[in-house]
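Chains, contacts and geometry: an overview
Residue-level listing of the chains:
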Amino acid sequence: MSGHEMMHIKPSRWSWNRFKDLLNFYVMLGVIPATVVITYINLFIGPAKLAEIPEGYVPEVHEYYAHPITRWMTKHVKKSYQQEYEVMCQHIYETDYARKLRLAEKRVHQKMQEKQDSQAYYYEPVTGRNERHIKSMLERSVENVGTR
């Protein structure tokens, strides 16, 4: 016990080891399968070859690309210009419709306020059920307190 050997304190390597483990995991999970798929497509499918278009056939947008991965992404991931245009038109239509609806509601509200001849907004209907409930609550409070 008198050897004076000391334990040297050094920083933990836990974070570095954790980083290496996660990097290895995600490389195995994503990069390797993607590389295998891309290599397979490039070796066995290859780029498209130029050919004449049959009479009466209209090619789709994704068919103009040569590489199969680009064709797949254009067909399944990216929106076409026509789709984007129609989505934009629908958004403009809905916004304009909401604006017109708010404007019409504002005009109706102003007319009702001017003429005061409508039940909506300025009239709260009184029902017998609510009146009976209020009357019974008042009677119970009178019984508890003793005076009105």
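Per an unreviewed UniProt entry, the protein goes by NADH dehydrogenase [ubiquinone] 1 beta subcomplex subunit 5, mitochondrial and derives from Daphnia pulex. Recorded under Subunit (unreviewed entry), the UniProt text for the protein is reproduced unchanged: "Complex I is composed of 45 different subunits." Per UniProt, the protein carries the Function (unreviewed entry) text "Accessory subunit of the mitochondrial membrane respiratory chain NADH dehydrogenase (Complex I), that is believed not to be involved in catalysis. Complex I functions in the transfer of electrons from NADH to the respiratory chain. The immediate electron acceptor for the enzyme is believed to be ubiquinone."

**Some points on the overall build of the protein**
Tallying secondary structure elements over the protein gives four helices and zero strands in all. Put simply, the protein runs from its N terminus to its C terminus through helices and strands in the order α-α-α-α. Across the protein, every contact between residues at least 6 apart in sequence was considered, and the portion connecting residues at least 24 apart equals 16%. With the model as given, the accessible surface of the protein reaches about 14,800 Å², and the carbon-plus-sulfur share is 60%.

**Topic: the UniProt feature "transmembrane region" (unreviewed entry) in the protein**
The UniProt record annotates "transmembrane region" (unreviewed entry) at residues 21-45. Along residues 21-45, the helical share is 100% and the strand share 0%, with 35 Å between the first and last C-alpha atoms.

**A word on a nonpolar patch on the surface**
Residues Trp16, Phe19, Leu23, Val27, Met28, Val31, Ile32 and Val36 make up a contiguous nonpolar surface patch of roughly 750 Å² in combined accessible area. Summarising the element assignment, phenylalanine 19 is placed in helix H1 (residues 14-45).

**Considering helix H3 (residues 81-115)**
Counted at 1.5 Å a residue, the expected span for H3 with its 35 residues is 51 Å, and the 51 Å between its end C-alpha atoms agrees. Positive backbone phi, approximately 50 degrees, marks glutamine 116, located one or two places after H3.

**As for the packing of aromatic side chains**
Enumeration according to the criterion identifies four aromatic pairs in this entry. Here the guanidinium or amino end of lysine 78 rests over the ring plane of tyrosine 81, the centre of that ring lying 4.8 Å away.

**Describing the side chain of histidine 62**
Here histidine 62 shows up in the loop between H1 and helix H2 (68-76). Look at histidine 62 and you get buried, because its relative accessible area is 12%. Contacts of histidine 62, omitting those with residues within four sequence positions, involve Arg71, Thr74 and Lys75.

**Concerning the pattern of salt bridges**
All chains considered together, the criterion is met by three salt bridges. Notably, a salt bridge pairs arginine 99 with aspartate 96, separated by 2.8 Å at the nearest N-O pair. Of this pair, arginine 99 and aspartate 96 both sit in helix H3, three residues apart, which is roughly one turn of the helix. You can call arginine 99 partly exposed: its relative accessible area is 42%. The closest approach of N and O atoms between glutamate 114 and lysine 111, which form a salt bridge, is 3.7 Å. Of this pair, glutamate 114 and lysine 111 both sit in helix H3, three residues apart, roughly one helical turn.

**Structural notes on the side chain of threonine 74**
Within the secondary structure, threonine 74 sits in helix H2. Classification of threonine 74 by relative accessible area gives buried; the value is 14%. A polar side-chain atom of threonine 74 sits 2.7 Å from the main-chain carbonyl oxygen of threonine 70. Apart from the residues within four sequence positions on either side, threonine 74 is in contact with Val61, His62 and Tyr65.

Rules behind the numbers
- Residues numbered from 1 in each chain as written.
- Predicted model: local features only at pLDDT ≥ 70, side-chain atom pairs only at ≥ 80, totals over all residues.
- Heavy atoms only, no water.
- UniProt positions renumbered as here; feature names shortened; annotations may be inferred.
- Helix = DSSP H or I, 4+ residues; strand = E, 2+ residues; numbered from the N terminus.
- Contact = heavy atoms within 4.5 Å.
- Areas by Shrake-Rupley, 256 points an atom, 1.4 Å probe, with all protein chains shown as cover.
- Patch = residues over 30% accessible without salt bridge, like charges linked within 9 Å, V, L, I, M, F, W, Y side chains within 5 Å.
- Salt bridge = Lys/Arg side-chain N within 4 Å of Asp/Glu carboxyl O.
- Expected span 1.5 Å × (residues − 1).
- Phe/Tyr/Trp six-rings, centres within 6.5 Å; stacked < 30°, edge-to-face > 60°.
- Lys NZ or Arg CZ within 6 Å of the ring centre and 35° of its normal.
- Buried < 20%, exposed > 50% of the residue type's maximum accessible area, 1.4 Å probe, protein only.
- Polar contact = N/O pair within 3.5 Å; in protein donor to acceptor, adjacent residues only side chain to side chain.

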